[in-house]
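# Working through the structure, step by step
Chain residues, written in single-letter form:
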Amino acid sequence: MIEHIVRLPLDYTHGLTIFVFGDMQYGSTGFREEAWQDFEAHFRKTKNTYAIGLGDYLDFTRPTMRKMLDSLCTKDDGFRAQVDSMAQRLINDVMDKMAFLKGHCIEIHEGHHTYKFSDGTTADQRIAAHLKAPFAGWLSTVRLALEKPRTTSIGTDFACTIVSAHGEGSARTVPGDFRRQEQDMGFILADVTCRGHGCKSGTWSPGQFTEVRRRGPAGHRTHTQRFVSVGGFSGGYTDGWNADYVERAGYRPMPCRWGVIELKIDRCNLAQDAAGLPRRKNAPRRLAIKTYTDGPDRYVTQD
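Quick look at the structure, then. In this text, all values refer to a predicted model and were calculated from it rather than measured experimentally.

This part covers the overall build of the protein. Broken down by element type, the protein carries seven helices and 14 strands. The buried share of the protein, taken over its 303 residues, is 45%. A separation of at least 24 residues holds for 74% of the contacts in the protein among residues at least 6 apart in sequence. Within the structure as shown, the protein displays about 16200 Å² of accessible surface, and the carbon and sulfur contribution to it stands at 51%.

The next point concerns the environment of G30. Residue position: G30 is located in the loop between β2 (16-21) and α1 (33-45). Separated by 216 residues in the primary sequence, G30 and V246 have C-alpha atoms spaced 9.4 Å apart.

Read from one edge to the other, the open sheet built from six strands follows the order β1-β6-β7-β8-β12-β9, with strand pairing classed as mixed. With partners counted over all chains shown, the strands left at the sheet margins are β1 (2-9) and β9 (202-204), one partner each. When strand polarity is set aside, the average angle formed by the axes of neighbouring strands in this sheet is 20 degrees. The sheet contact formed by strand β6 (residues 139-147) and strand β7 (residues 158-165) spans eight bridges and is antiparallel. In the sheet register, T141 faces β7, and the bridge partner there is V163.

A complete count under the given rule lists nine salt bridges for this structure. R214 is the partner of E211 in a salt bridge, and the nearest nitrogen-oxygen pair spans 4.0 Å. Across the salt bridge formed by R257 and D297, the nearest N and O atoms sit 2.5 Å from each other. Here D297 lies in the segment after β14 (285-294) and R257 lies in the loop between α6 (245-249) and β13 (258-267), a separation of 40 residues in the sequence. Relative accessible area serves as the criterion here: at 39%, D297 is assigned to the partly exposed category.

A few words on the pairing of strand β4 (residues 105-109). The element β4 is largely enclosed, with a buried count of five among its five residues. The pairing of strand β3 (residues 49-53) with β4 spans three bridges and is classified as parallel. In the sheet register, I52 faces β4, and the bridge partner there is E107. Note: β4 against strand β5 (residues 135-137), two bridges, orientation parallel. Opposite I108, over in β5, you have F135 as the bridge partner.

Note that D56 resides in the loop between β3 and α2 (63-73). Only 2.7 Å separates the side chain of D56 from the backbone nitrogen of H113, close enough to count as a polar contact. A distance of 3.3 Å separates a polar atom in the side chain of D56 from a polar atom in the side chain of H166. Residue contacts for D56: discarding those within four places in its chain leaves D23, M24, Q25, G111, H112, H113 and H166.

Before going further, it helps to examine the packing of aromatic side chains. Scanning the model with the defined rule gives 19 aromatic pairs in all. Between the aromatic rings of W36 and F233, the centroid separation amounts to 4.9 Å while the plane-to-plane angle is 75 degrees, which identifies the pairing as edge-to-face. Of the two residues, W36 sits in helix α1 while F233 sits in the loop between β12 (226-229) and α6, which places them 197 residues apart along the sequence. Summarising the burial analysis for this pair, W36 and F233 share the class buried.

β2 sits mainly inside the fold: six of its six residues count as buried. Here β2 shows a buried face lined by L16, I18 and V20 and a second buried face lined by T17, F19 and F21. The pairing of β2 with β3 spans five bridges and is parallel. Within β3, the position partnered with F21 by the bridge is G53. Crossover handedness for the path β2 to α1 to β3: right-handed.

Scoring rules and cut-offs
- Residues numbered from 1 in each chain as written.
- Predicted model: local features only at pLDDT ≥ 70, side-chain atom pairs only at ≥ 80, totals over all residues.
- Heavy atoms only, no water.
- Helix = DSSP H or I, 4+ residues; strand = E, 2+ residues; numbered from the N terminus.
- Buried < 20%, exposed > 50% of the residue type's maximum accessible area, 1.4 Å probe, protein only.
- Contact = heavy atoms within 4.5 Å.
- Areas by Shrake-Rupley, 256 points an atom, 1.4 Å probe, with all protein chains shown as cover.
- Pairing = 2+ DSSP bridges.
- Axes fitted to C-alpha atoms, helices over the stretch in contact; angles between N-to-C directions.
- Salt bridge = Lys/Arg side-chain N within 4 Å of Asp/Glu carboxyl O.
- Polar contact = N/O pair within 3.5 Å; in protein donor to acceptor, adjacent residues only side chain to side chain.
- Phe/Tyr/Trp six-rings, centres within 6.5 Å; stacked < 30°, edge-to-face > 60°.
- Right-handed = clockwise from strand over helix to strand, strands pointing away.

Structure, rendered in structure tokens:
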């Protein structure tokens, strides 16, 4: 598990928005160009945006394919060089499509679909370097230290913690896939937990944890987990003549979607709002976290 701290400026007016994406699987028959263009358009028009990548950015190569390639390349350096060159061309195409994310990525994860070059680097590591983003490996935790803009002080006003991973295993139904995420990642307490791989999209809070106070007066504090399951940009059903693995296995097709984490500063005026009284200008500030998923399926198809 990779752990790091990222300092970001927090605009008190517009807040901060994090787009969580994965399972692009560029190069596969199911890759949806129009969904990726919609993702780019929404990222560009949103103010103060950042992104987290959850892996599987290209379809080349699956774990089973890598085993076969390794056996073929063991005694043929020339063949290995040719495969490296082919993989780099695919990566260059992916990096061109992800150019708008350069300098705006909090972290980039690895996934099942990747390629290891002869120099030891992987496709995901090269994508992360190109986007000027920290490489997060398979599983990571990050503490977002949210600072006021135009300050150099080390002290921060607020913090948001995120645990994220590409993910392992899936289920045929959406609830089953969500249950798998809770089982695999629910043991780490963070404000937001993100996972890809399963191509199921949704956000939910599985429960609230209560911890007895260790210091100060008697009492306890509570912690709410927020889970984000991220879909992807690969359609399971194509034109029928080039059936993808989803269609062949009889899985239900899922919409192309991504996750969104909105962080905003609000003043604590719960009592005033409940009583219908004017809000206090000097009320203490608090960090509000909102999670949801979005995608081109927001538009209703008209017959």
